[in-house]
Amino acid sequence: MGGFSAPASMVPASMVPVLFQAACPECRARFELSAGALRLAIGASRRTTFYSFTCPECETAVRKPAGERIVELLMGGGVRTLRLHSTL
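This one's a predicted model, so the numbers in the text were calculated from it and none came from an experiment.

S.K.: Sorry, what's going on with the state of the cysteines here?
M.R.: When the sulfur atoms of two cysteines share a covalent bond, that bond is a disulfide. Applying the stated criterion across every chain, the model contains zero disulfides. Unpaired in this structure, Cys55 has its nearest cysteine sulfur neighbour in Cys27, at a distance of 3.7 Å.

Structure, rendered in structure tokens:
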């Protein structure tokens, strides 16, 4: 399996795939997910701000709270973001 693999310093940052480490609370599997496999929802409070993904091992839908630092990392890594708005 040959091919050219450019050193990271030669690849534009926008082309380098970002992988996030995650774990499933159901089956306890640990894995890496691409930005496209995650979703981030930003609500009005900590209780309504979370990220979600589907476990690649057991296919469980996982939802975890996201603090400020996690929000920064996920947004910076290109994770699709949904801003939740209050109807009040």
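Continuing now.
S.K.: Would you mind going over the packing of aromatic side chains with me for this structure?
M.R.: Think of a pair of aromatic rings as described by two things: how far the centres are apart, and how the planes are tilted against each other in angle. Evaluated as defined, the whole model comprises two aromatic pairs. Summarising the aromatic geometry, the rings of Phe31 and Phe53 are spaced 5.9 Å apart at their centres and angled 75 degrees between planes, so their arrangement reads as edge-to-face. Here the residue Phe31 occupies a position in strand β2 (residues 30–34), and Phe53 occupies one in strand β4 (residues 50–54), the gap between them amounting to 22 residues. Given a relative accessible area of 11%, Phe31 falls into the buried group. What makes Phe53 buried here is its relative accessible area of 4%.

What counts and what doesn't
Residues numbered from 1 in each chain as written. Predicted model: local features only at pLDDT ≥ 70, side-chain atom pairs only at ≥ 80, totals over all residues. Heavy atoms only, no water. Disulfide = S-S within 2.5 Å. Phe/Tyr/Trp six-rings, centres within 6.5 Å; stacked < 30°, edge-to-face > 60°. Helix = DSSP H or I, 4+ residues; strand = E, 2+ residues; numbered from the N terminus. Buried < 20%, exposed > 50% of the residue type's maximum accessible area, 1.4 Å probe, protein only.

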